[in-house]
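Close look at the chain arrangement
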Amino acid sequence: MGELVTVRTFGAVPGEVLAEARARVAAVAAAAGQGTLVEALRIRLAAAAGGLLAHDGVLAQVNAEVDGRRIRVQAAAAGPGDPLDRVAEALRARIRATTGDWVPRPWAASAVPPAPVPVGLPAEGTRHIVRRKRPWLVRCTPEAAARTMDAMDYDIHLFTDPATGTDAVVYRVGPTGYRLARTLPAGPAARRRTPITLSPHGAPRLTEEEAVDRLTAAELPFLFFAHPANGRGRVLYRRFDGNLGLIAGRDRPGPALP
């Protein structure tokens, strides 16, 4: 194992939970197997009453690098012990998947169970964007974007599609488990090994206010839309605290990934 395990907490997380989280994650990393380098382990524990977590809920998240590839797992539950069990098992499975050949996850086997019943969500009309992310968008194939989405435990991933030069997303949905949507409608990629279905529609052009209204009115977990002025793709998503986050990417110079 590489670097030591670091822990960050948000809210009132008991000290014994911190120690247990560090010990479990370190044990999983140590058992990764000879020749596998697991490093940059970072644990995030957030305690919250309300939002998408039940009363006294805990959100556990682990970020790491496995043989130089970034991964992330997270789990939420009503008590402090259960998410640690879930995140440790998810980390073990993610390390195995990352060190082997990537296999697309079947939708039926990977469908996420319903989230805890929302308690104390902000009242309708008061939900707002509390976090904005401006990541460098990677220019890569939909297959590479899907693999990153799986490795980082995302439900949706924003990238630049080299086949069209437009912003695009892959996201988890039936029947195959993966779907591709672009800011502008286009045909399927010329070469595709992953069972990714294609949305025939371009992303709707919406202001931030319109996107918030549409997401909250339809109770969507996320919304892919395009900026009304420049047409760049954006993702509006629900956070565990009941508020919203916005991803608006930037172009990263460099060659496309395979």
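Structure report, in brief. Sequence order sets the numbering: in each chain, residues are counted from 1 along the sequence as written. Under the rules for a predicted model, residues below a pLDDT of 70 receive no local features and side-chain atom pairs below 80 are neither given nor counted, while totals for whole chains, interfaces and linings still include all residues. With hydrogens and water set aside, each side-chain value is computed from the structure's full complement of heavy atoms.

1. So, the overall build of the protein chain
What counts as a helix is a DSSP run of H or I of at least four residues, what counts as a strand is a run of E of at least two, and both are numbered from the N terminus. Across its full length, the protein chain holds five helices and 14 strands. Remark: exposure states derive from per-residue accessible area (1.4 Å probe, protein chains only) relative to the maximum for the residue type, with buried under 20%, exposed over 50%, and partly exposed in between. When each of the 258 residues of the protein chain is scored for burial, the buried share is 41%. We call two residues in contact whenever any of their non-hydrogen atoms come within 4.5 Å of each other. Partitioning the contacts of the protein chain with sequence separation of at least 6, the portion at a separation of at least 24 is 49%. With an accessible surface of roughly 13,300 Å², the protein chain has 55% of that area assigned to carbon and sulfur atoms. The accessible surface values rely on the Shrake-Rupley method and a 1.4 Å probe; as for residues, cover is taken only from the protein chains in view.

2. With respect to the pairing of strand 13 (residues 244-248)
For strand 13, a buried count of five out of five residues is recorded, marking the element as mostly surrounded by other parts of the structure. Burial along strand 13 is two-sided: the face carrying Leu244, Leu246 and Ala248 and the face carrying Gly245 and Ile247 are both buried. Each pair of strands is called paired provided DSSP finds at least two bridges between the two strands. Summarising the sheet, strand 5 (residues 129-133) and strand 13 pair through four bridges and their orientation is parallel. Bridge assignment links lysine 133 to a residue of strand 13, and that residue is isoleucine 247. Linking strand 12 (residues 233-238) to strand 13, which pair antiparallel, is a turn of five residues; within it glycine 242 sits at a positive phi near 95 degrees.

3. Structural notes on the sheet that holds strand 13
Read from one edge to the other, the open sheet built from four strands follows the order 5-13-12-11, with strand pairing classed as mixed. The open sheet is flanked by strand 5 and strand 11 (222-226), the only strands paired with a single partner. Here the strands of the sheet are splayed against their neighbours by 20 degrees on average, with no regard to which way each runs. Pairing analysis gives five bridges linking strand 11 to strand 12, with the strands arranged antiparallel. Residue phenylalanine 225 lies in a different strand from strand 12, and its bridge partner there is arginine 234. In this analysis, axes come from line fits to C-alpha atoms, helices being fitted only over the stretch in contact, and the angle between any two N-to-C directions falls in the range 0 to 180 degrees. Across the sheet, helix 5 (residues 208-218) touches strand 5, strand 11, strand 12 and strand 13, and the angle it forms with strand 12 is around 45 degrees.

All quantities given are derived from atomic positions and should not be read as evidence of function.
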